[in-house]
Amino acid sequence: MDSSQSGWWSYLGFRDFWNRPVPRPEPRPEPLLPNPWRDVEFSDDAYKKLQEEIKNHQPHPKASTTNILITGSVGSGKSSFLNSVLSELRREEFNGRVQNIQAVRPGAQTSVTQHLRCHTFYDKMKIFDTAGFKLEKAINATIILKKIIDGEVAEGSKFDDILKTKSSMEGDKIHCVVLVISIHNAENLDPALIRFYEELIGMLTETGVPCQLLVTLDKLVEKTEDLKDLYSRRDIKKKIEMLANKMRISMSNVLVVSNYFEEMKINKIKGTLLLEAFAQMLTAAKPFQERM
């Protein structure tokens, strides 16, 4: 190679026109972490063990049932999560088919749920579903949620009527509150929504009611099989950490799921994530029941 060729080669690779070193671009980080930040097994045995763990759950003697409250803003994926986890919990009744127990209207600007609904399993667990709240009514939502959590709202009550009722009704005290949020909102989360969640989490902390943040990955991972790498994905962990920091909630209290959308039948990969999340909710409720 002559000097002119050598100079041209240096220009292309490592030197600029004036023969100055050209900085190399920073290497992109690997898409997968060296080790997953949470260990989840996606085997048939693990899936069945989760099913048995939930089925064998026993509330603390101070509580007749373990009561979980699911809440979130309009469009958070709350109803989709309920349909997904209820399809898993009632898999034998539905022959393993995905059911739309809760009405879902993609892109809807108002909540589909208008009454406090309760779903009971094995006579030992209850999931309570609230209306998705809108930010302009966040103050009302906080008051309504506090009344529900304190057991002052009866099942079937219409949310618009709860504030109008001065006397408390007989309801079930909540043992764990789950806030649902979409991972797609991680980078452009409305400051008003952050303030609402911070205030709600602060209220729960003061009263000792455990709180879990449920992050829905809906349509972020195209192939169900790729969900096995969920906890190794660097980009997903970054977004979840962003959400946890904004909400001021510990990563150990963050649950991650991918809901059923296009599927007609449940599967062990999404099912494992859904049941892992629900089993953690039951576990979080136990110490609170003991302190009642």
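Residues numbered from 1 in each chain as written. Predicted model: local features only at pLDDT ≥ 70, side-chain atom pairs only at ≥ 80, totals over all residues. Heavy atoms only, no water.

J.: Account for the packing of helix 2 (residues 44-55) against helix 8 (residues 268-291), naming residues and giving values.
T.: Across the interface, helix 2 lies against helix 8 with an axial gap of 9 Å and an inter-helix angle of 35°. Considering how the two elements wind past one another, helix 2 and helix 8 form a crossing that is left-handed. Contacts from Asp 44, Tyr 47, Leu 50, Gln 51, Glu 53 and Ile 54 of helix 2 reach helix 8 at Lys 268, Gly 271, Thr 272, Leu 275, Glu 276, Phe 278, Ala 279 and Leu 282. Of the residues belonging to the contact of helix 2 with helix 8, the class tally is seven nonpolar, three polar and four charged. (Axes fitted to C-alpha atoms, helices over the stretch in contact; angles between N-to-C directions. Helix = DSSP H or I, 4+ residues; strand = E, 2+ residues; numbered from the N terminus. Left-handed = near helix turned anticlockwise from the far one by under 90°. Contact = heavy atoms within 4.5 Å. Nonpolar A, V, L, I, M, F, W, Y, C, P; charged D, E, K, R; others polar.)

J.: Outline empty space enclosed by the protein, supporting the account with residue identities and numerical values.
T.: Enumeration over the complete set of coordinates arrives at one cavity of 30 Å³ or more. Estimated volume of the largest cavity: approximately 30 Å³. Lys 146, Ile 149, Asp 150, Met 203, Leu 204 and Thr 207 are the residues that line the largest cavity. Contributing elements (two or more residues each) for the lining of the largest cavity: helix 4 (138-149) and helix 6 (191-207). Top contributing element to the lining of the largest cavity by residue count: helix 6, with three residues. (1 Å grid on protein atoms, 1.4 Å probe; cavity = no way out; pocket = protein on both sides within 12 Å on 5 of 7 lines; lining within 4 Å. Points joined across faces, edges and corners; volume = space filled by probe spheres on them.)

J.: So what about the pairing of strand 3 (residues 125-129)? Which residues, and what values?
T.: With five of five residues buried, strand 3 is to be regarded as a mostly interior element. Alternating positions in strand 3 separate into two faces, Met 125, Ile 127 and Asp 129 on one and Lys 126 and Phe 128 on the other, with burial throughout. Relative to strand 3, strand 1 (residues 66-72) runs parallel, the two sharing five bridges. By the bridge assignment, Thr 66 is partnered in strand 3 with Met 125. As paired strands, strand 2 (residues 117-121) and strand 3 are joined by five bridges and run antiparallel to one another. (Buried < 20%, exposed > 50% of the residue type's maximum accessible area, 1.4 Å probe, protein only. Pairing = 2+ DSSP bridges.)

J.: Could you give me a rundown of the pattern of salt bridges, with the residues and numbers involved?
T.: The full count for this structure, using the stated rule, is 12 salt bridges. Where Glu 93 meets Arg 90, a salt bridge forms, and the shortest distance between an N and an O atom there is 2.9 Å. Of the charged contacts in the structure, one is a salt bridge between Glu 241 and Lys 237, with a shortest N-O distance of 3.6 Å. Placement of both Glu 241 and Lys 237 in helix 7 (residues 234-247) is noted, with a separation of four residues, approximately one turn of the helix. The class of Glu 241 is partly exposed, set by a relative accessible area of 31%. Take Lys 237: its relative accessible area is 23%, and that puts it in the partly exposed class. (Salt bridge = Lys/Arg side-chain N within 4 Å of Asp/Glu carboxyl O.)

J.: Go over the environment of Lys 219 with me, naming the residues and quoting the values.
T.: Note on placement: Lys 219 falls in the loop between strand 5 (211-216) and helix 7. A relative accessible area of 63% means that Lys 219 is categorised as exposed. Taking C-alpha positions, Lys 219 is 9.7 Å from Tyr 260, a pair spaced 41 residues apart along the chain.

J.: Can you tell me about the sheet that holds strand 5, naming the residues and giving the values?
T.: What the six strands build is an open sheet, ordered 2-3-1-4-5-6; its pairing is mixed. Strand pairing shows two members of the sheet lacking a second neighbour, strand 2 and strand 6 (254-257), which therefore form its edges. The mean angle between the axes of side-by-side strands here comes to 25°, regardless of whether they run parallel or antiparallel. Across five bridges, the pairing between strand 1 and strand 4 (residues 176-182) is parallel.

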